[in-house]
Amino acid sequence: MRALAEEILNRGGGVGETALAVCRAVGEAMEYRRGVTGVTSTARDAWPVRSGVCQDIAHIALGVLRAAGIPARYVSGYLLPDPDAPIGQPIVGESHAWIEWFDGQWCGYDPTNLLEIGELHVYVGHGRDYSDVAPLRGVYAGPSSSGMFVSVELTRLE
């Protein structure tokens, strides 16, 4: 990850251009695959196998950005999985993670989908990494056979 940061820094360019190049390079190098990593996996676990979920890809992008000296943060939220969903029809969203870097203001990018942050993304919170803004956290007292889950419906508006 440090080598990638150094390679991109050596190309020159401003903070925004460099950060975008980092995010695109990480997103293009990684394959989105469930089950390869777990919730406690680190960027160091996912980078060698070049696969993982959005949380892993965001963590790797963060690591490379920070190695390049660019202030960056992890963002937790939801993604509308169907950009062509009919207006007014609720669609179940997917929990998602992306990153933001600071270049005079916070700028976001979704390295998993190689997208700028837009109307498909619903921001919930930000922090240093996943542990600061996990999408589902809490304390439960009751039978061990119970489980916690969350479902978020997103609706495109005109």
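The shown structure was predicted, so the numbers you read here are calculated from the model rather than taken from an experiment.

What follows concerns the overall build of the chain. The helix and strand inventory of the chain stands at four helices and nine strands. Each helix and strand of the chain, ordered N terminal to C terminal, gives the series α-α-β-α-β-α-β-β-β-β-β-β-β. Taking 15 Å as the expected radius of gyration for a compact globule of 158 residues, we find that the chain reaches 17 Å, a close match to that expectation. When burial is assessed residue by residue, the chain has 40% of its 158 residues classed as buried. Residue pairs in contact within the chain that sit at least 24 positions apart in sequence constitute 56% of those at least 6 positions apart. Carbon together with sulfur atoms contributes 51% to the accessible area of the chain, which is approximately 9,100 Å² in total.

This brings us to the sheet that holds strand β7 (residues 115-116). Taken together, the five strands give an open sheet; going across it, the order is β7-β6-β5-β3-β8, and neighbouring strands pair in antiparallel fashion. Sheet topology places β7 and β8 (121-127) at the edges, where each strand pairs with a single neighbour. Summarising the sheet, strand β3 (residues 72-79) and β8 pair through six bridges and their orientation is antiparallel. Across the sheet, the residue bridging to G77 is Y123, located in β8. Across the face of the sheet, helix α2 (residues 15-29) comes into contact with β5 (94-102) and β6 (106-110) while running at roughly 145° to β5.

The next point concerns unusual backbone geometry. You will see that R50, though not glycine, has its phi angle at about 50°, which is positive. Unlike most non-glycine residues, L114 shows phi in positive territory, near 50°. If you trace the backbone, L114 turns up in the loop between β6 and β7.

Our next topic: α2. Here α2 is 15 residues long and its end C-alpha atoms lie 21 Å apart, about the 21 Å a rise of 1.5 Å per residue gives. Turning to α2, its buried residues number three or more, namely T18, A19, L20, V22, C23, A25, V26 and G27.

Quick look at the packing of aromatic side chains now. Under the counting rule described, the total for this entry stands at two aromatic pairs. Between Y74 and Y130, the ring centres sit 6.4 Å apart and the planes meet at 90°, which makes this aromatic pair edge-to-face. Of the two residues, Y74 is situated in strand β3 and Y130 in the loop between β8 and β9 (153-155); the sequence distance between them amounts to 56 residues. Take Y74 and Y130: they sit in the same class, and that class is buried. Between the NZ or CZ atom of R73 and the centre of the ring of W106, over which it lies, the distance is 3.9 Å.

We now examine the nonpolar core. In this structure, V26, I60, L65, I99 and W101 are the most contacted members of the largest nonpolar core, which totals 32 residues. Of all elements in the fold, only α1 (2-9), α2, α3 (43-49), α4 (54-67), β3 and β5 reach the threshold of two or more residues within this core. No other element matches the eight residues that α4 contributes to this core. Once residues lying within four places of it in the same chain are set aside, the contact partners of W101 are V15, G16, A19, L20, C23, I70, P71, A72, W106, C107, G108 and Y109. Core analysis: the second largest hydrophobic core is formed by seven residues, Y78, L80, A85 and I91 among them.

So, about the environment of V150. Locating V150 in the fold gives a position in the loop between β8 and β9. Taking the C-alpha atoms as reference points, V150 and A25, 125 residues apart in sequence, are found 32 Å from one another.

Cut-offs and rules
Residues numbered from 1 in each chain as written. Predicted model: local features only at pLDDT ≥ 70, side-chain atom pairs only at ≥ 80, totals over all residues. Heavy atoms only, no water. Helix = DSSP H or I, 4+ residues; strand = E, 2+ residues; numbered from the N terminus. Rg over C-alpha atoms; globule rule 2.2 N^0.38 Å. Buried < 20%, exposed > 50% of the residue type's maximum accessible area, 1.4 Å probe, protein only. Contact = heavy atoms within 4.5 Å. Areas by Shrake-Rupley, 256 points an atom, 1.4 Å probe, with all protein chains shown as cover. Pairing = 2+ DSSP bridges. Axes fitted to C-alpha atoms, helices over the stretch in contact; angles between N-to-C directions. Expected span 1.5 Å × (residues − 1). Phe/Tyr/Trp six-rings, centres within 6.5 Å; stacked < 30°, edge-to-face > 60°. Lys NZ or Arg CZ within 6 Å of the ring centre and 35° of its normal. Core = buried A, V, L, I, M, F, W, Y, C linked by side-chain atoms within 4.5 Å.

The analysis is restricted to geometry; functional conclusions fall outside its scope.
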